[in-house]
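Per-entry structural report
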Amino acid sequence: MQKINIGFIPLNDCAPLIVAKEQGFFAEQGLDVVLHREVSWSNIRDKLVFGQYDAAHMLAPMLMASTLGIGGVKKPLVTAYSFGLNGNAVSVSNALYGQMSEYESQLVLKPEKSAAVLKKVIESRKQNGQPPLRFAVVFPFSMHNYLLRYWLSEAGIDPDKDVHITVVPPPSMVKALQEDLIDAYCVGEPWNTHAVKEQVGVTLITGYEIWNNAPEKVLALRKDWADAHSDIHEKMIVALYRASEWIDKSENHQLLSDYLAAEEYVCAPHESINNAINGEVCNPSCSSCRKIPNFSLPFKYQANFPWQSHAQWILSQMQRWKQIGDEVDIKQLAESVYLTDFYRQVLQNHGVKLPSVNYKQEGVHAVPWMLDEIEMGEDSFILVQK
Amino acid sequence: MSKLKHEMIKVMLVDKDAGRAAILSQALLDHGYEVIDRVEPGPGLLARVAACMPDMIVVDTESPDRDILESMYLLSEHNPMPVVMFADADDENVINEAIRSGVSGYVVKGVDMKRVKSIMNVAIARFREYQALKTELIKTKSELEQNKLIDKAKRLLMQQKGVSEQEAFEAIRKRSMDSNQKLYEVAETIISVLE
């Protein structure tokens with residue numbers, strides 16, 4: 001059996017890799033996969049680009065950045081599998097939450113109002129000559145960055161002028177909030193729940209509430225490697241799909257949580273891991289957690305389908321925030337990075353029923369809908385309430 | 001970056017392993033680098049970089065702070081500087097590949113410290129090339145902008161004074177020489193008056 005090296009970052013959403021390995025879905029496909037835990041997104045990208053890894057768990061926008069050669073070496077990357085949808089949230093320091101509460105009480109229960117209240121705080125800070133609020137995201141090319149910016153701008157806040165956005169690695173977020181180095185952040189779990197449990201911060205809104213069922217991490221491969229090894233790529237997709245299907249079954253959640261908690265994988269307490277699996281957003285001022293059933297979606301609603309419309313949205317945000325110029329052909333680049341046809345072809349051969357199109361209109365479905373007799377999730381963007 | 005040639009290069013070292021950092025500090029010092037700060041990894045890193053303004057940063061590839069440092073490159077408000085990675089000997093092939101491809105540089109840890117100087121030199125050279133390219137690009141862009149201004153001024157003169165293109169250009173050039181201003185500066189004045 002050929003050895004396949006795959007890098008991952010210890011986060012809940014790397015679960016399909018761990019399950020495919022531990023439950024034997026990779027072995028069933030005849031793949032001998034070695035998983036490598038990585039410490040930073042830059043590292044995982046470099047090791048993939050320079051051939052140390054054959055594939056990697058990666059922030060979806062990093063594939064576009066690498067293909068275009070921004071922020072690193074130019075190397076075309078592709079994907080044909082999404083690790084799932086959603087999973088991020090925005091949290092603020094207790095001090096900032098205190099300032100926000102002066103404008104609106106019980107804000108933890110009103111996520112749709114939070115950005116408008118934030119704008120009031122920002123305006124009042126400006127009048128008092130206070131410095132801009134400091135936000136952190138996990139990487140410049142990340143859904144965290146684009147979701148945060150989308151949410152801020154919907155409330156009329158200019159993310160480049162009215163606030164300061166910086167990068168902090170996920171495991172350092174809570175500490176940075178505690179040490180008053182930042183005022184707020186957008187990060188994946190368990191780093192929102194952890195801040196609440198440590199009584200360091202308050203979770204305002206989830207990624208799901210900013211954009212229903214937004215893309216997150218994908219399985220990244222070098223384009224030349226994928227072209228040369230389509231047989232191995234196909235087997236990887238089948239194994240990961242089986243793993244995602246397994247993760248979705250509630251009877252497997254205990255074992256899933258055990259796998260993720262293990263030292264060699266995510267290495268976090270069961271309790272924190274379970275919050276995202278159960279769709280619970282905890283808050284210090286309420287006795288119970290807010291329930292967001294789709295807080296993180298590993299399988300349902302075609303969560304593993306690599307929509308080219310997702311890739312196009314990401315590229316449009318990269319243009320919006322001047323990370324790339326207007327000369328980039330978004331449609332063509334989305335098609336070259338997202339191998340949607342390959343995913344469909346592979347899984348159709350295994351009897352899975354899939355959408356017949358590579359795009360869907362994003363933002364027009366407020367409730368679940370049917371596409372080719374397949375149930376799809378909602379995809380609305382937030383309407384900030386004043 | 002011209003001071004790199006004349007003065008000691010100020011290096012900031014980011015490493016949680018104090019012992020290893022001490023060895024590398026000594027090696028850098030022996031090769032004529034000045035280690036101005038040894039920083040524990042953590043979210044305070046950016047503030048420290050801003051405070052001590054090193055010419056170069058050396059960081060362990062196994063530090064999560066790599067993402068912070070990389071993001072600094074992308075944020076134009078920070079003064080860009082070369083970042084050298086410090087990686088495991090196992091990854092040497094990857095590292096060689098990386099250096100060839102233009103990543104600032106990687107230093108293999110635990111091996112021959114004599115190589116430190118050459119690797120650092122390659123990193124600085126790579127960085128200079130990259131900066132030169134960027135400066136060139138900005139220059140080209142601004143030349144384009146200047147030409148656009150001059151064209152616009154010519155067009156306005158032609159339309160409003162009824163002169164030929166050649167006459168319009170001569171008028172701008174004469175005024176430029178008389179007033180000791182650049183062509184585009186004269187064009188800007190003309191546009192502001194005629195538009």
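Notes on the structure in this doc start here. This one's a predicted model, so the numbers in the text were calculated from it and none came from an experiment. (Residues numbered from 1 in each chain as written. Chains lettered and ligands numbered in written order. Predicted model: local features only at pLDDT ≥ 70, side-chain atom pairs only at ≥ 80, totals over all residues. Heavy atoms only, no water.)

1. Let's talk about unusual backbone geometry
All names here are of chain A.
- A cis amide bond links Glu189 to the next residue, Pro190, at an omega of 10°.
- Following the sequence through the fold, Pro190 ends up in the loop between strand 9 (184-188) and helix 9 (193-197).
- One non-glycine residue with positive phi stands out, namely Cys267, at about 55°.
- Its location among the elements puts Cys267 in the loop between helix 13 (253-261) and helix 14 (270-278). (Helix = DSSP H or I, 4+ residues; strand = E, 2+ residues; numbered from the N terminus.)

2. Looking at the packing of aromatic side chains
Residue and element names in this part refer to chain A.
- Under the counting rule described, the total for this entry stands at 12 aromatic pairs over all chains.
- Relative to Phe381, the ring of Trp211 has its centre 4.8 Å away and its plane inclined at 20°; by these criteria the two rings are stacked. You can see Trp211 sitting in the loop between helix 10 (207-210) and strand 11 (217-222) and its partner Phe381 sitting in the segment after strand 16 (374-376), a full 170 residues away along the chain. In this structure, Trp211 and Phe381 share a single accessibility class: buried.
- Considering the side-chain rings of Phe305 and Trp307, the 4.3 Å spacing of their centres and the 50° angle between planes classify their relative orientation as tilted.
- The buried category is assigned to Phe305, whose relative accessible area is 1%.
- Among the aromatic residues, those joined into a ring-pair cluster are Tyr150, Trp211, Trp313 and Phe381.
- The ring of Trp321 carries the charged tip of Arg149 above its face, separated from the ring centre by 5.1 Å.
- One cation-aromatic arrangement involves Lys360 over Trp307; the distance from NZ or CZ to the ring centre is 5.5 Å. (Phe/Tyr/Trp six-rings, centres within 6.5 Å; stacked < 30°, edge-to-face > 60°. Buried < 20%, exposed > 50% of the residue type's maximum accessible area, 1.4 Å probe, protein only. Lys NZ or Arg CZ within 6 Å of the ring centre and 35° of its normal.)

3. Overview of the packing of helix 1 (residues 15-22) of chain A against helix 12 (residues 230-248) of chain A
Residues and elements named next belong to chain A.
- It is the contact of helix 1 with helix 12, at a shortest axis distance of 8 Å, that shows an interaxial angle of 100°. By the angle between their directions, the pair helix 1 and helix 12 is classed as roughly perpendicular. Along the contact surface, helix 1 presents Ala15, Pro16, Leu17, Val19 and Ala20, while helix 12 presents Ala239, Leu240, Ala243, Ser244, Trp246 and Ile247.
- The class makeup of the residues in the contact of helix 1 with helix 12 is 10 nonpolar, 1 polar and no charged. (Axes fitted to C-alpha atoms, helices over the stretch in contact; angles between N-to-C directions. Parallel < 35°, antiparallel > 145°, perpendicular 65-115°, else oblique. Contact = heavy atoms within 4.5 Å. Nonpolar A, V, L, I, M, F, W, Y, C, P; charged D, E, K, R; others polar.)

4. Description of the interface of chain A and chain B
- Opposite the 26 residues of chain A that make contact, chain B presents 22 residues.
- In total, about 2000 Å² of surface goes out of reach between chain A and chain B, with carbon and sulfur atoms giving 60% of it.
- Seen at the junction of chain A and chain B, the total is 0 salt bridges.
- Seen at the junction of chain A and chain B, the total is 2 residue pairs in polar contact (both at pLDDT 80 or more).
- Secondary-structure elements contributing two or more residues to the side of chain A that touches chain B are helix 3 (41-49), strand 8 (163-167) and helix 8 (173-178) of chain A.
- The greatest single-element share of the side of chain A that touches chain B, amounting to 6 residues, is contributed by helix 3 of chain A. (Buried area = accessible area lost by both parts, 1.4 Å probe. Salt bridge = Lys/Arg side-chain N within 4 Å of Asp/Glu carboxyl O. Polar contact = N/O pair within 3.5 Å; in protein donor to acceptor, adjacent residues only side chain to side chain.)

5. Some points on the sheet that holds strand 7 (residues 133-137) of chain A
All names here are of chain A.
- Read across the sheet, 5 strands follow the order 8-7-9-6-10 without closing on themselves; strand pairing throughout is mixed. The sheet terminates laterally at strand 8 and strand 10 (201-206), the two strands that pair on one side only. Each neighbouring strand pair of the sheet contributes to a mean axis angle of 25°, computed without reference to strand direction.
- Of the strand pairs in this sheet, strand 7 and strand 9 are connected by 2 bridges, and their pairing is parallel. Of the residues in strand 9, the one forming a bridge with Phe135 is Ala184.
- Strand contacts of helix 5 (residues 94-101): strand 6 (88-93), strand 7, strand 9 and strand 10, with the helix running at about 85° to strand 6, the strand carrying the most contacts.
- Running over the sheet, helix 7 (residues 143-154) touches strand 6, strand 7, strand 8, strand 9 and strand 10 and is turned about 145° from strand 7. (Pairing = 2+ DSSP bridges.)

Remember, this is a structural readout, not a statement about activity or role.
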